[in-house]
Amino acid sequence: MLQKREKVLLLRTFQGRTLRIVREHYLRPSVPCHSPLCPQPAACRNDGKLLSAEVTHYVIPDWKVVQDYLEILEFPELQGVIFMQTACQAVQHQRGWRQYNKLRNLLRDARHDCVLFANEFQQHCYVPREKGESMEKWQTRSIYNAAVWYYHHCLDRMPIVMVTEDEEAVQQYGSETEGVFVISFKNYLDNFWPDLKAAHELCDSILQSRRERESENQESHGKEYPEHLPLEVLEAGIKSGRYIQGQQHRSSLLGIRPVQGSDFKSRLVSDILIHGMKARNRSIHGDVVVVELLPKNEWKGRTAALCENESEDKALGDAPSEPMPTGRVVGILQKNWRDYVVTFPSKEEIQCQGRNAQKVLATPWDYRIPKIRISTQQAEALQDFRVVVRIDSWESTSVYPNGHFVRVLGRIGDLEGEIATILVENSISVIPFSEAQMCKMPVNTPENPWKVSPQEEQVRKDLRSTHLVFSIDPKGCEDVDDALSVRTLNNGNLELGVHIADVTHFVAPNSYIDIEARTRATTYYLADRRYDMLPSILSADLCSLLGGVDRYAVSVMWELHKSSYEIQKVWYGRTIIRSAYKLCYEAAQELLEGNFSVVDDIPEFKDMDLESRQAKLEELVWALGKLTDIARHVRAKRDCCGALELEGVEVRIQLDEKKNIHDLIPKQPLEVHETVAECMILANHWVAKKIWESFPHQALLRQHPPPHQEFFSELRECAKAKGFFIDTRYSSSFFSPCRVSLYLGCPEIDYRHFCASVTMAGLVFLQAAQHSQKQSTELFQCTYFKDKGPEMEERCIADGVIYSIRTNGVLVFIPRFGIKGAAYLKNKDGLVISCGPDSRSEWKPGSLHRFQNKITSTTTGGESTTLQLFDHVTVRISVQALRCHSDTIRLEIISNKPYVTPNMERPQQSSIVLKSELVKEVTRSVEEAQLAQEVRAKALQEECEEYCQTKGRSLYTLLEEIRDLALLDVSDSCGA
């Protein structure tokens, strides 16, 4: 039977009002103990992970040990470890979600013999905090009390060793209970694991760092930073509106992003400037902090200048120069500290430190993180390596945070070391799958091939002999997770199908592999490799819809009208499919355009006789053409309802057999890309609609809050530079919020980013996947331009487009390589760029004058050069090699004219052909618009309401405007 306890908190606001907060706490007679010695396994409900039966003792770490020695507790040699709920919560509240997630992953990992015990919910383990008792003392007492209960629960058959850093606890509890031993963590390693050298080295490093910090604190006579306010004061200040809660995002200057809904003031202030380390008050990028706004006469403004040693995405936006809300950090609610990759000082820098050479300031790879003081005798030996460190503390008496050495990743500049750096910086763990996880996986070998089970044939719809199913993916894709089908029904209508690999059939809920997949959250795609969320037997085999093999799928199929393509009915269910072809995008596009020579490159056609090949080819080409027609119709309807298309340049890294970078190839946009995308969007929309109808209270919705008008200022100015006007004052499909998911048709519900609130950890991992992919691409881009070759000069000169104006330079986009970067117009010597009659640039004394959409360089001799937004310029690409950080691309404008290579000289007919292709594209768009015009007015209105978007201008209107530009089809003149 549950027991309810209540805890009452009385908080006083700055207005003098008293807030009464009641927290209810429920206790249970039994909770899972996860021990094989449990005398009542049914009552404890010990499902899932159990401690090993081979250990000689159980070890229970105190909260401080979990915080400071977690990387040692991660050693697989340490077995029989019981983490108490009290200790885990202390990590969560004091070390942040990153450290807490590391602990959670450790508990989930089947390779580690450790479990979590919910001591604060067990009736006999829970102890209330006594009046006047410090939080630290109560946590230690709670953990010891739980250790005693655990010993007796196992019928006194397994000794318990509680390890702590509290000397008073060792003295008080050391001999209090027979069978429960309380010792220091250092003594535990010395007595139980004397041969675990790496653990002893880490422990010594942590202890040395702690002793030096304590010594410095005793010797220090002054404070470098103000003390943080108590938690109760911070909470009361947030409620009263005096303080603002937010997350620190440090770029060149620090921005505070207020937490949505924390109070009315934070919703009005979108960004708060924190200027200088004193104002940041020991907070680090990612921390959840509390900020006090300064008086308006102390507000500062942002600079619009390009910043040294910062990539384009880290540089400050072109924000107004007038003062903006400015504040200072008065407290930290959550420290999101993690493992950091650093570089130790060079030999010369170490020698300059003299007698304090054992204490070095290591420079983090991430610009946003301050230097970290490390106590080590290996600094000189490790000066050429990337090293992982962990922050231990940041006292008010210390200018920099203090940390300790964890491990070495690799040499600076070495590919594997740099990739490992990217993984650590994004908190990505890529350890191999364990035996416990793999033993539950299915087998598919030549000796024991996998087959469809008779049971599944009874419950699934079999499409193997009735449907032409095929996939379209990038070249070399191994994890084919979706496929398409289209066919004509007996009544003349069409049937469109989207088929997704049925992963859930092979991954049981809460199984070891399910827990591991949840921990990884996604597959990480880097430029030259990938790290799978699931074992390869699933991701690249049984859950990959390869050609010519039977696979389980989850399908959605629509019956479409034979001419209007309007949806008549929809079916959802589990299926068995056999994909006929595994096509790449390029081959599918060639077939669409009538180039059948690519058939020789499609493996499924190679063993066919001529007659069969011709028949199968006609069948496939018809299906591709029909899919394209349907996709055009679906997209035209979405366009009429205000759909937004955002396109960018995606660059593929081409490697040779030795994994050396050969070329950077921009992805060519093909219509077949849009065809596949439209089918997937349609499937997502209808599946989401079905979920909403079936589970209205559990449906996962994605919504975006309305954008702030000030965010559109740069967009408006960019459009204005080319003579366009964008009015963002009124709602349209572009500027109004998506009230529900783009895929989801349901009534308007103000849930905003509901999905993020459900699983923030999953969102973080997805962001980490995007960041790691981007950083690995940048790594290979730098490698490409650093590589010395005969065509070095040619590859480093390219055409660029100016897309932003700053006070001391411009931001340039290079379409050929998909690179964005800063090009300075004023160097460190104060010289400015000047372009003469030949358009070649050189550095001369002078000044810069920045306007809204252009920047002018004027030399002391009166020569003037103006660069405008969207101008094409010739740039030289180089790489700045940085020892402590990642290498960065540097751009230098060498001509104010577009770059033209010798092989770009083409006959006049080429340009005519290009114009003809443009007219074909316009004609295709007109056809899409005409399809949309055929939709009945009532149906269109229903569609607009279903997508919850404002009906905007039609594509036909846009095409009428294009027609006014007097584009002429000159294909006939080409023939002449």
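Each chain carries its own residue numbering, running from 1 in the written order of its sequence. Where totals are concerned, whole chains, interfaces and linings use all residues; where local detail is concerned, this predicted model gives features only for residues with pLDDT of at least 70, and gives and counts side-chain atom pairs only at 80 or more. Side-chain measures here rest on the full set of heavy atoms in the structure, leaving out hydrogens and waters.

The name that an unreviewed UniProt entry assigns to the chain is DIS3-like exonuclease 1, with the source organism given as Jaculus jaculus. UniProt positions are given in the numbering used here, feature names are shortened, and annotations may be inferred rather than shown by experiment. Of the chain, the UniProt comment under Catalytic activity (unreviewed entry) reads exactly: "Exonucleolytic cleavage in the 3'- to 5'-direction to yield nucleoside 5'-phosphates." The record in UniProt for the chain states the following under Cofactor (unreviewed entry): "Mg(2+)".

### Some points on the packing of aromatic side chains
Classification of ring pairs uses Phe, Tyr and Trp, with its six-membered ring standing for Trp, and accepts pairs whose centres are within 6.5 Å; under 30 degrees between planes counts as stacked, over 60 as edge-to-face, and the remaining range as tilted. Across all of its chains, the model carries 16 aromatic pairs by this definition. Each ring, one from Tyr69 and one from Phe185, has its centre 4.7 Å from the other, and the planes form 40 degrees; the classification is tilted. In this pair, Tyr69 sits in the loop between α2 (63-68) and α3 (70-73) while Phe185 sits in helix α7 (residues 185-192), placing the two residues 116 residues apart along the sequence. Neither residue differs from the other here; Tyr69 and Phe185 are each classed as buried. An aromatic cluster is built from Tyr58, Phe117, Trp149 and Tyr150, whose rings are joined through pairwise contacts. Only when the NZ atom of a Lys or the CZ atom of an Arg is both within 6 Å of the ring centre and within 35 degrees of the ring normal do we say a charge sits over the ring. Positioned above the aromatic ring of Phe121 is the side chain of Arg28, whose terminal nitrogen or guanidinium carbon lies 5.6 Å from the ring centre. Only runs of H or I of at least four residues qualify as helices and only runs of E of at least two qualify as strands under DSSP, and these elements are numbered from the N terminus. Exposure is judged per residue with a 1.4 Å probe applied to protein chains only, and the accessible area is read against the type maximum: over 50% gives exposed, under 20% gives buried, and values in between give partly exposed.

### Some details on the sheet that holds strand β32 (residues 831-835)
Backbone hydrogen bonds are what pair the strands of a sheet, in a parallel or an antiparallel way. Taking strand neighbours across the sheet as the criterion, the four strands line up as β32-β33-β34-β35 in an open arrangement whose pairing is antiparallel. Looking at strand neighbours, the two that pair on one side only are β32 and β35 (864-868), the edges of this open sheet. Across the sheet, the mean angle separating the axes of adjacent strands is 50 degrees when strand polarity is ignored. The sheet contact formed by β32 and strand β33 (residues 841-850) spans five bridges and is antiparallel. Following the sheet pairing, Ser834 is matched in β33 by Glu842. Paired strands, in this sense, are two strands between which DSSP finds at least two bridges. Comment: axis = line fitted to C-alpha atoms, over the contacting stretch for helices; angle = value between 0 and 180 degrees taken between N-to-C directions.

### Some remarks on the pattern of salt bridges
Pairs may arise between side chains of opposite charge once their charged atoms sit close together. Salt-bridge detection follows one rule: a side-chain nitrogen of Lys or Arg within 4 Å of a carboxyl oxygen of Asp or Glu. Within the structure shown, the criterion is met by 47 salt bridges. Arg390 is the partner of Asp339 in a salt bridge, and the nearest nitrogen-oxygen pair spans 2.7 Å. Here Arg390 lies in strand β16 (residues 385-393) and Asp339 lies in strand β13 (residues 339-343), a separation of 51 residues in the sequence. Taking relative accessible area as the criterion, Asp339 reaches 9% and is therefore assigned buried. Judged by its relative accessible area of 3%, Arg390 is buried. With a closest N to O distance of 2.9 Å, Asp550 and Arg464 form a salt bridge.

### Let's talk about the nonpolar core
With 61 residues, the main nonpolar core has Tyr58, Ile82, Phe83, Leu103, Phe117, Tyr150 and Phe185 as its most contacted residues. Looking at this core, the element that brings in the most residues is helix α5 (residues 135-153), giving eight residues. The contact criterion used is simple: two residues touch if any of their non-hydrogen atoms lie within 4.5 Å. Discounting chain neighbours no more than four positions away, the residues touching Phe117 are Val31, Pro32, Cys33, Ile82, Phe83, Met84, Gln85, Gln122, Cys125, Trp149 and Tyr150. Of all hydrophobic cores here, the second largest spans 36 residues; its members include Leu560, Tyr585, Ala588 and Val634. The set of buried Ala, Val, Leu, Ile, Met, Phe, Trp, Tyr and Cys residues whose side-chain atoms join them within 4.5 Å is what this entry labels a nonpolar core.

### Digging into a nonpolar patch on the surface
A contiguous nonpolar patch, built from Val687, Ile691 and Phe695 and spanning about 250 Å² of accessible area, is present on the exposed surface. Relative to the assigned elements, Val687 resides in helix α20 (residues 671-694). Looking at Val687, the relative accessible area reads 34%, which means it is partly exposed. Patches were defined on residues exceeding 30% relative accessible area and lacking a salt bridge, with like-charge contacts within 9 Å and nonpolar side-chain contacts (Val, Leu, Ile, Met, Phe, Trp, Tyr) within 5 Å. Note that accessible areas follow from Shrake-Rupley with a 1.4 Å probe, and for residues the cover is restricted to the protein chains shown.

### Quick look at the environment of Thr397
Within the element layout of this structure, Thr397 appears in the loop between β16 and β17 (402-411). Note: C-alpha distance between Thr397 and Lys223 (174 residues apart in sequence) is 4.4 Å.

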